[in-house]
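# Fold and geometry: a report
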Amino acid sequence: MRRIFVIAVPYLWLLALFLVPFLIVLKIALSDMALAIPPYAPTLDFQAGWAGIKAFVSELDFENFTFLASDDLYWKAYLSSLRIALVSTFLTLLIGYPMAYAMARSPEAWRPTLLMLVILPFWTSFLIRVYSWMGILSSEGYLNQFLLWIGLIDTPLAIINTNLAVYIGVVYTYLPFMILPVYATLEKLDGQLLEAAEDLGCSRLSAFWLVTFPLSRSGIIAGCFLVFIPTIGEFVIPSLLGGSDTLMIGKVLWEEFFSNRDWPVASAVAVILLLILIIPIVLFQRNEQKQRESEG
Amino acid sequence: MTQRVLTLTVAAGLAASAAFADEVRVYNWSDYIDEDLLAKFEEETGLELIYDVFDSNEVLETKMLAGGSGYDVVVPTGTFLQRQISAGAFQKLDMTKLPNHENMWSMVEERTGKYDPDNAYSINYMWGTTGIGVNVGQVQELLGEDAPIDSLELIFNPENMEKLAECGVHFLDAPAEMIPAALTYLGEDPDSHDPDVIAKVEDVYAGVRPYIQKFHSSEYINALANGDICVAVGWSGDVLQARDRAAEADNGVEIAYNAPSEGGQMWFDQMAIPTDAPNPDGAHQFLNFIMDAQNMAAASNYVYYANGNEASQEFLEEDVIGDPAIYPSEEARENLYTTTPYDPKVQRVVTRLWTKIKSGT
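As annotated in an unreviewed UniProt entry, chain B is Putrescine-binding periplasmic protein from Poseidonocella pacifica. UniProt, in the comment section headed Sequence similarities (unreviewed entry), describes chain B in these words: "Belongs to the bacterial solute-binding protein PotD/PotF family."

As recorded in an unreviewed UniProt entry, chain A goes by the name Putrescine transport system permease protein, listed as coming from Poseidonocella pacifica. Reading the Sequence similarities (unreviewed entry) entry of the UniProt record for chain A gives the comment "Belongs to the binding-protein-dependent transport system permease family. CysTW subfamily." Here chain A is described in UniProt, under the heading Subcellular location (unreviewed entry), as follows: "Cell membrane".

Scanning chain B from N- to C-terminus turns up 18 helices and 11 strands. Computed over the C-alpha atoms, the radius of gyration of chain B is 22 Å, within 12% of the 21 Å expected from 2.2 N^0.38 for a compact globule of 361 residues. By principal-axis analysis of the C-alpha atoms, chain B measures approximately 80 × 45 × 35 Å. Taken over 361 residues, chain B has a buried fraction of 47%. Residue pairs at least 24 apart in sequence account for 73% of intrachain contacts in chain B once pairs closer than 6 positions are excluded.

The next point concerns the overall build of chain A. What chain A contains, in helices and strands, is 14 helices and two strands. Its C-alpha atoms give chain A a radius of gyration of 24 Å, more than 25% over the compact-globule value 19 Å for 296 residues. Along the first, second and third principal axes, the C-alpha atoms of chain A reach 75 × 70 × 35 Å. In chain A, the share of contacts with a sequence separation of at least 24, taken over all contacts with a separation of at least 6, comes to 70%.

Residue and element names in this part refer to chain B. Parsing chain B into structural domains produces domain 1 (22-128 + 267-327) and domain 2 (129-266 + 339-359). Using C-alpha coordinates to define each centre, domain 1 is positioned 27 Å away from domain 2. In this complex, domain 1 contributes 13 residues to the contact, which on the side of domain 2 involves 15 residues. When contributions to the side of domain 1 that touches domain 2 are tallied by element, the ones reaching two or more residues are α4 (78-86) and β4 (122-135).

Its 16 residues give helix α18 (residues 344-359) of chain B an end-to-end C-alpha distance of 22 Å, which sits within 8% of 22 Å, the value for a rise of 1.5 Å per residue. Residues B:Q347, B:R348, B:V350, B:T351, B:W354, B:T355 and B:I357 constitute the buried set of α18(B). Residues of α18(B) that are buried sit in contact with α4 (72-105) and α13 (249-259) of chain A together with α9 (175-185), α10 (195-199) and α11 (201-208) of chain B.

Next up on the list: the UniProt feature "transmembrane region" (unreviewed entry) in chain A. Residues and elements named next belong to chain A. Taken from the UniProt record, the annotation "transmembrane region" (unreviewed entry) applies to residues 12-30, 82-102, 114-136, 142-159 and 266-284. Here residues 82-102 runs as 100% helix and 0% strand, with 30 Å between its end C-alpha atoms. Along residues 266-284, the helical share is 100% and the strand share 0%, with 28 Å between the first and last C-alpha atoms.

Moving on, we get to the UniProt feature "domain: ABC transmembrane type-1" (unreviewed entry) in chain A. In this numbering, the UniProt entry assigns the feature "domain: ABC transmembrane type-1" (unreviewed entry) to residues 78-284 of chain A. End-to-end, the C-alpha atoms of residues 78-284 of chain A are 20 Å apart, and along that stretch the chain is 77% helix and 0% strand.

The next point concerns the interface of chain B and chain A. Counting residues at the interface gives 23 residues for chain B and 18 residues for chain A. At the level of secondary structure, the elements contributing two or more residues to the side of chain B that touches chain A comprise α3 (57-66), α4, β6 (214-215) and α18 of chain B. Among the elements that line the side of chain B that touches chain A, the one with the most residues is α18(B), at seven residues.

Here the focus is the environment of B:V74. All names here are of chain B. Relative to the elements of secondary structure, V74 occurs in strand β3 (residues 73-74). Sequence separation of V74 and A21 is 53 residues, and the distance between their C-alpha atoms is 18 Å. In this structure, V74 is in contact with Y27, L60, M64, A272 and P274, ignoring residues within four places of it in sequence.

In the contact formed by α13(A) and α3(B), the axes pass within 9 Å of each other and the chain directions differ by 65°. Of the possible angle classes, the one that applies to α13(A) and α3(B) is roughly perpendicular. Facing α13(A), whose interface residues are A:F257, A:F258 and A:S259, α3(B) presents B:E58, B:V59 and B:T62. Among the residues making up the contact of α13(A) with α3(B), the classes are represented as three nonpolar, two polar and one charged.

How each quantity is defined
Residues numbered from 1 in each chain as written. Chains lettered and ligands numbered in written order. Predicted model: local features only at pLDDT ≥ 70, side-chain atom pairs only at ≥ 80, totals over all residues. UniProt positions renumbered as here; feature names shortened; annotations may be inferred. Helix = DSSP H or I, 4+ residues; strand = E, 2+ residues; numbered from the N terminus. Rg over C-alpha atoms; globule rule 2.2 N^0.38 Å. Buried ≥ 20, exposed ≤ 12 C-beta atoms within 10 Å, placed from the backbone. Contact = placed C-beta atoms within 7 Å. Domains from an automatic or database assignment. Expected span 1.5 Å × (residues − 1). Axes fitted to C-alpha atoms, helices over the stretch in contact; angles between N-to-C directions. Parallel < 35°, antiparallel > 145°, perpendicular 65-115°, else oblique. Nonpolar A, V, L, I, M, F, W, Y, C, P; charged D, E, K, R; others polar.

What follows is the structure, given as structure tokens:
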């Protein structure tokens, strides 16, 4: 009995918070647009009983998905979002890992303060932090004024409203999500392992590559997922810092939903986005598990 | 037990409806009213006013079509209103509760009747035009004394735009206004719904796209006032706000607004009551309050937009009623056009075309 309960809880959780919302979105994606409240048809009529459900199911079709395939805007936007998310994740790792490493190697008394400094930006609203980047990066902004003042440039650099600004915004916003999990694994690392490696003839650098880095792998993976997944669907950062030519799927989805009022196509875009994210993650997890089993 | 739950539910329901009965929830455009009026309404009626703001018709429409917005009064623009009426989003006004309705201006009601036949569902709040705001000094410096500042030639002729790119040009990010403008430039019907005619606009924009710094629907107010850009295609009242800000800052920037001489778009923001409004009675009181001549005049004097209330005109300040950019003469009004909403298929063509124009994809 207790065993069933323990197994049921996570499944119920998954059902209520993931599967049911997903099915609702999928249902809208299979519907057609209509001028009504809500703006799609058919809607499910439970009062008509089984006949109502049958009539409802017969009206669903995959038209919206075939439509997505017919216009190159959508796959270009998916690809562009994937590229921006991959590059940003790599940059965050490049910047975040040394910071987490330095934190884990700092004197124990400093660590709570350093940890606090990483979390501190969260005390300000995310939106305000992105807005302040507009103030820093704009052509009359602090960065350009500073560069002009030290004489490095003659004319202001065009950073705002470009993809570069989007990268800066994403890396800044998601950096703590990389630092925290990496720091958590590095901090638990047993220092004696490194001593042993050096005793056995490793240089400090090769000890890092052969011992520290592989052991922090779980933190790196967690950090990468935490950065990559929200970035791919990011809407706020590209719309505030990006230009009219920054193509991201979050913006395309907004336009389908708000400008075209086409909830079914917007839902289809969202379903595909979810599949793009979930399939690689599930494959990855399965691969990890297999590896663990073969090792164990 | 069941009995008790039922009683409790009914009691809670009654309490909730009692709370709604002395509250009015209004959802209006940002920076679009003299806030003293809000306090005055609460004082006169004893109702509590909850006033929220939005900045795009799309956001409002999505709320309306999702249903259950909880608002008693909302303010969509004419074309959006028409579509929302067809979707069943609004209730008919009860004219017996709106004695001030006699103040309304027939010139405006004739035009808004195109979106809302007989004006059965809505009253006009403000109206204005979409046109061209220029920094007079900078534009004349680049294009000469006789720069065509009141013509679409200024913004759609690549030769002019190439020179203007130096001082910065912003366009509205609003296809429902920018596509009719380009159609007017081509000599086509601005209200065309024919996808083949609409497609012609792409070439017009291809010629000037490299010289457009940004497509945005509100940043141009500050950018014009600060002198960061010299041309903006924008809404009349917004450009006039930029003009006033520049005058206040005394920074030597002189802004002028003109509706295009080839024909400019005229739009109407309409107040309406959602079908599921919690307090329709309070909503009618709010509409009646707004239609009071002095109240409406106070709002226009504050936001620099013309209103649809004829009786309010005697209370308008001279720099509002006397400004042809706000209240165009009868002759100039002949030159203004209105548009009708696109059906979903054409809307998709328009949105897609606009994305292509902006992003090149």
